[in-house]
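Topology and contacts: notes
Residue-level listing of the chains:
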Amino acid sequence: MNAKLETGATTRPVTRQTFDDVLVPTYAPAAMVPVRAAGLDLWDQNGKHYLDFTSGIAVSSLGHCNPTLVAALTAQLNNVWHLGNGYTNEPVLRLALALTEATFADRAFFCNSGAEANEGALKLARKYAHTKFGPHKSRIISCLSSFHGRTLFTVSVGGQPKYTEGFEPLPQEINHIPYNDIEAARAAIGDDVCAVIVEPIQGEGGVIPGDPAFLKELRALCDKTGALLIFDEVQSGVGRTGALYAYMDKGVTPDILTSAKALGNGYPIGAMLTTHEIAAHFGVGSHGTTYGGNPLAATVALNVIETINQPAFLARVKEASDKIFANLRKLAADYPQVFGEVRGSGLLIGLPVAEAFKGRAKDITKACEALGLMLLIAGTDVVRFAPALIVSDEQIAEADRILRVAVDGMLNAAPAK
């Protein structure tokens, strides 16, 4: 008998130190360990309460332990958990219908994450171009400071060298242009390009909205050259901007759209959406994934889509966004030495720091966390807000109060110059 299997690991006490002892150190998590949550409320091992304005990096958009999703998942748990991809299932069929009826797409492919969705989209684009035009049409255009996942392919397509250092040699035929730079796009997108991939709002790159004119020019250039336009809506999708998907407010329709994060509200699922013509180039056996279309994940995602894709719900997202933007503009005006001009869309919001606080966005989020408010960063110079879409006016006001207390504390603690 293996002694390691008799350690009682399911019940023994664990702490933040356990992470350092037994997990691969790819993350540097906070000192506190969350153990319970509901809505936007969260409690750690010591019983301390936090107001969560991260939603798991724009994932838990209907809040933690959402009762509707809990009930739907519990019911499915008593039916069927998993089937090999030699079979389909009712939840995934309903989810595919819901997504294709709500978007430009005719076809859906399901996987486990945003990285997988983007990997599939990029593979499909190359397959489409190779079949339709020939092997010379293989180049991919992406944007600097973009983020498309952590596989070797997607991290190479993402325009952030810090994520590729040490992993060379990287996949080839990938070029990057500045975001929102129309002239750079015109210079880069030629007849050898098979795909242009872009976030309608750059998330990890600093919460920077895409200029509609830039996105429209990408569409025109793709039409001219026969390239496919891929919108990475992993972070911006599923109601985050106040539309089901951000492309709906940009006046630009992509050829392929990728979705994940909020699609499963914390249950791992990703989706790639496209048209009949393009999907036909992924024949039987050309692509796949073991867990894609899992009935548990599909059940959760279907209920997420049905809840969020309602006019009243999306209108409330925009209303909440207006309130947070107003608060942050007032905050920046009151603390010009700390913050710059707020930016973003819907409930994906970035607050850049001022010159004197360059590189200190994480210090601000740590100060807020100590006071019970969980926030994100987008790089070292931007504080990112991505609360659940069900955030209340009272919670918006409380977040503003805590943020101000945290900033006051940092300024009062700063040494005199």
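1. Let's talk about the sheet that holds strand β7 (residues 193-198)
One open sheet holds the seven strands; their spatial order is β4-β12-β11-β10-β7-β5-β6, and the pairing between them is mixed. Either end of the sheet is taken by a strand with one partner, and the two such strands are β4 (107-111) and β6 (174-177). Going across the sheet, the axis of each strand differs from the next one's by a mean of 20°, ignoring polarity. As paired elements, β4 and strand β12 (residues 270-274) share five bridges and run antiparallel to each other. Across the sheet, the residue bridging to A108 is L273, located in β12.

2. Description of the sheet that holds strand β14 (residues 348-352)
Spatially, β13-β14-β17-β16 is the arrangement adopted by the four strands of the open sheet, whose pairing is antiparallel. Edge positions in the sheet fall to β13 (343-345) and β16 (376-377), since each of these pairs with one other strand and no more.

3. Observations regarding helix α11 (residues 295-308)
A rise of 1.5 Å per residue sets the reference length of α11, with its 14 residues, at 20 Å; its end C-alpha atoms lie 20 Å apart and thus fit the reference within 8%. Among the 14 residues of α11, twelve are classified as buried, and the element is accordingly described as predominantly covered. Those residues of α11 lying buried are P295, L296, A297, A298, T299, V300, A301, L302, N303, V304, I305 and I308. Buried positions along α11 lie against α3 (67-77), α4 (90-102) and α12 (311-334). One side-chain oxygen at the N-terminal end of α11 lies 2.8 Å from the backbone nitrogen of L296; it belongs to N294.

4. Quick notes on helix α5 (residues 114-132)
The periodicity of an α-helix, 3.6 residues per turn, causes residues three or four positions apart to be oriented the same way. Helix length check: α5 (19 residues) gives 27 Å between terminal C-alpha atoms against 27 Å at 1.5 Å per residue, within 8%. Along α5, the residues that are buried comprise G114, A115, A117, N118, G120, A121, L122, L124, A125, Y128 and A129. If you check the start of α5, you find a side-chain oxygen 3.1 Å away from the backbone N of E116, and it comes from S113. One or two residues past the end of α5 sits G134, with phi positive at roughly 120°.

5. What to know about the nonpolar core
Residues F53, I364 and L403 are the most contacted members of the largest nonpolar core, which totals 88 residues. Once you skip the residues sitting within four places of it in the chain, I364 turns out to touch V338, F339, V353, F357, V383, L403 and M410. Within the second largest apolar cluster, 22 residues are counted, among which are L124, A129, C194 and I230.

6. Looking at the pairing of β6
Note: strand β5 (residues 139-143) against β6, four bridges, orientation parallel. In the sheet register, I140 faces β6, and the bridge partner there is I174. Handedness of the β-α-β unit built from β5, helix α6 (residues 152-157) and β6 comes out right-handed.

7. Details of empty space enclosed by the protein
Scanning all chains against the criterion turns up one cavity of 30 Å³ or more. Approximately 80 Å³ is the volume found for the largest cavity. In terms of lining residues, the largest cavity is bounded by F53, I324, N327, L328, F385, I396, A399, D400 and L403. Elements with a contribution of two residues or more to the lining of the largest cavity: α12 and α14 (393-413). Of the residues forming the lining of the largest cavity, the biggest block, four residues, is contributed by α14. Taken together, the residues that form the lining of the largest cavity break down as seven nonpolar, one polar and one charged.

Parameters and conventions
Residues numbered from 1 in each chain as written. Predicted model: local features only at pLDDT ≥ 70, side-chain atom pairs only at ≥ 80, totals over all residues. Heavy atoms only, no water. Pairing = 2+ DSSP bridges. Helix = DSSP H or I, 4+ residues; strand = E, 2+ residues; numbered from the N terminus. Axes fitted to C-alpha atoms, helices over the stretch in contact; angles between N-to-C directions. Expected span 1.5 Å × (residues − 1). Buried < 20%, exposed > 50% of the residue type's maximum accessible area, 1.4 Å probe, protein only. Contact = heavy atoms within 4.5 Å. Polar contact = N/O pair within 3.5 Å; in protein donor to acceptor, adjacent residues only side chain to side chain. Core = buried A, V, L, I, M, F, W, Y, C linked by side-chain atoms within 4.5 Å. Right-handed = clockwise from strand over helix to strand, strands pointing away. 1 Å grid on protein atoms, 1.4 Å probe; cavity = no way out; pocket = protein on both sides within 12 Å on 5 of 7 lines; lining within 4 Å. Points joined across faces, edges and corners; volume = space filled by probe spheres on them. Nonpolar A, V, L, I, M, F, W, Y, C, P; charged D, E, K, R; others polar.

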